[in-house]
Amino acid sequence: MYHPDLLRHPESCPSLVLNADYTPLSYYPLSLWPWQTAIKAVFLDRVNIVSSYEREVHSPSLDMKIPSVIALKNYVKPSEYPAFTRFNLFLRDKFACQYCGSEQNLTFDHVIPRRQKGRTTWENVATACLPCNLKKGGRTPQQAHMQLHQRPIKPTNWQLQEHGRAFPPNFLHDTWHDWLYWDIELEG
C-alpha cells in the first residue's frame, strides 16, 4: 500500500518553519519553505527536523526524507510592528469592508481624505469595498454619513498573526496540526 506522501511530487512538499520556541514564524502567510531550502538548512545545521514526509529525495551518496516540519536552532525575534502593506491592511481588517462588511472588490480608503491633508498611515487607512469607497469619495465618513465598524489602528505583529489564524491555507499536512492550533478544543 502506498502512503499518500510517496505519491507527492517534491515541489508539493513544503516545510513548516517553526521558530526556536516551536511556534510558527508566521501564521498568515504561513511560514513555509520549499523542500530544497529546508534540506539546505539541515545541512548547514541551522534547523532541527521535527517531522518528515514519507517522500524521499536521493543523491549519489544520500537518501533523505523531505522534512515536513523544521525548527530554527536560533530564535528569531519578531518585529513588534508589521510593514504597512495592502495585504497587512486587509488582514488587520479581516478582509472585510469597514463600512458595510462586504468581502468583495476590496480596496482601501483614506478616512480623512488626502485632499483634506489625510496621510497614508495605519491610523488613517481602512479596508473598503469599491462601492463604499466610491460612495464616500473625497469626504470624511461623517460628511458622507457613513460609519466605520472599527477605528483604524496600527496593529502589532501579534494582532496580525491572531487574525491570520482565522484564514488557514488550502493545504495543511497532518504533521503541521500540532504546531499551528494550540487553542483548539481537544477531542475527548
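Refer to the preceding data block for the structure.
No experiment lies behind these values; they were computed from the predicted model shown.

(A) Quick look at the pattern of salt bridges. According to the stated counting rule, one finds 4 salt bridges in the structure shown. Between Lys 65 and Glu 54 there is a salt bridge, with the nearest N and O atoms lying 3.5 Å from each other. With Lys 65 in strand S4 (residues 62-72) and Glu 54 in strand S3 (residues 47-59), this pair connects stretches of sequence that are 11 residues apart.

(B) Summary view of the sheet that holds S4. Overall, mixed pairing links the 4 strands, which are arranged S2-S1-S4-S3 in an open sheet. Both outer strands of the open sheet, strand S2 (32-33) and S3, are each paired with one neighbouring strand and no more. Where strand S1 (residues 15-18) meets S4, 3 bridges bridge the pair, whose relative direction is parallel. Looking across to S4, one finds that Leu 16 is bridged to Val 69.

(C) Looking closely at the packing of aromatic side chains. Across all of its chains, the model carries 4 aromatic pairs by this definition. Look at Phe 84 and Trp 122: their rings are 4.9 Å apart centre to centre, the planes differ by 70°, and that puts the pair in the edge-to-face class. One end of the pair, Phe 84, is in the loop between S4 and helix H3 (86-92); the other, Trp 122, is in the loop between strand S5 (106-110) and strand S6 (125-129), and 38 residues separate them in sequence. Overall, Phe 84 belongs to the partly exposed group, its relative accessible area being 33%. On the basis of relative accessibility, which here comes to 5%, the residue Trp 122 falls in the buried class. Relative to Phe 95, the ring of Phe 87 lies with its centre 5.9 Å away and its plane at 65°, an arrangement referred to as edge-to-face. Taking the relative accessible area as the measure of exposure, Phe 95 reaches 18% and is therefore buried. One aromatic cluster is present, formed by Phe 87, Phe 90 and Phe 95 through successive ring pairs. Residue placement shows Lys 154 over the ring face of Tyr 81; its charged tip is 4.5 Å from the ring centre.

(D) Seen up close, the environment of Ala 96. Within the secondary structure layout, Ala 96 lies in the loop between H3 and S5. Between the C-alpha atoms of Ala 96 and Thr 107, which are 11 residues apart in sequence, the distance is 9.8 Å.

(E) Expanded view of the side chain of Thr 175. Structurally, Thr 175 can be placed in the loop between helix H5 (157-164) and helix H6 (177-180). There is a polar contact of 2.8 Å between the side chain of Thr 175 and the side chain of Ser 68. Polar contacts involving the side chain of Thr 175 include one to the side chain of His 173, which spans 2.8 Å. Beyond its immediate sequence surroundings of up to four residues, Thr 175 is in contact with Ser 51, Ser 68 and Val 69.

(F) Up close: the state of the cysteines. The full count for this structure, using the stated rule, is 0 disulfides. Looking at the unpaired Cys 132, the closest cysteine sulfur is the one in Cys 129, lying at 3.6 Å.

(G) Seen up close, helix H2 (residues 35-43). Listed in full, the buried residues belonging to H2 are Trp 35, Ala 38, Ile 39, Ala 41 and Val 42. What you see down the axis of H2 is that its buried residues fit within an arc of 160°, all on one side. Summarising the geometry of H2, the exposed residues directed more than 90 degrees from the buried face are Lys 40 and Phe 43. Residues of H2 that are buried in the fold lie against S1, S2, S3 and S4.

(H) Region of the structure containing H5. All buried positions along H5 are accounted for by Asn 157, Leu 160, Gln 161 and Gly 164. An end-on view of H5 places all buried positions within 100° of arc, on one side of the element. On its buried face, H5 is in contact with H3.

Parameters at a glance
- Per chain, residues are indexed from 1 in the order of the written sequence.
- Totals for whole chains, interfaces and linings use every residue, but because this is a predicted model, local features are given only for residues with pLDDT of at least 70 and side-chain atom pairs only at 80 or more, for both listing and counting.
- Only hydrogens and water are set aside when side-chain values are computed; all heavy atoms of the structure are taken into account.
- Just to be clear on terms, a salt bridge is a Lys or Arg side-chain nitrogen sitting within 4 Å of an Asp or Glu carboxyl oxygen.
- Each helix is a run of DSSP H or I of at least 4 residues and each strand a run of E of at least 2, with the numbering of both proceeding from the N terminus.
- Only strands that DSSP links by at least two bridges are regarded as paired with each other.
- Stacked, tilted and edge-to-face are the three classes applied to pairs of Phe, Tyr and Trp rings, where Trp contributes its six-membered ring and a pair requires centres within 6.5 Å; stacked means planes under 30 degrees apart, edge-to-face means over 60, and tilted covers the rest.
- For every residue, the accessible area (1.4 Å probe, protein chains only) is compared with the maximum for its type, and the residue is labelled buried under 20%, exposed over 50%, or partly exposed between those bounds.
- Whether a charge lies above a ring is judged from NZ of Lys or CZ of Arg, which has to be within 6 Å of the ring centre and within 35 degrees of the ring normal.
- Here a polar contact means two N or O atoms within 3.5 Å. Within protein one must be a hydrogen donor candidate and the other an acceptor candidate, and residues neighboring in sequence count only if both atoms are side-chain atoms.
- We call two residues in contact when some of their heavy atoms are within 4.5 Å.
- The disulfide definition used here is simple: a pair of cysteine sulfur atoms within 2.5 Å.
- Throughout, the arc means the angular range of directions from the helix axis out to the C-beta atoms.

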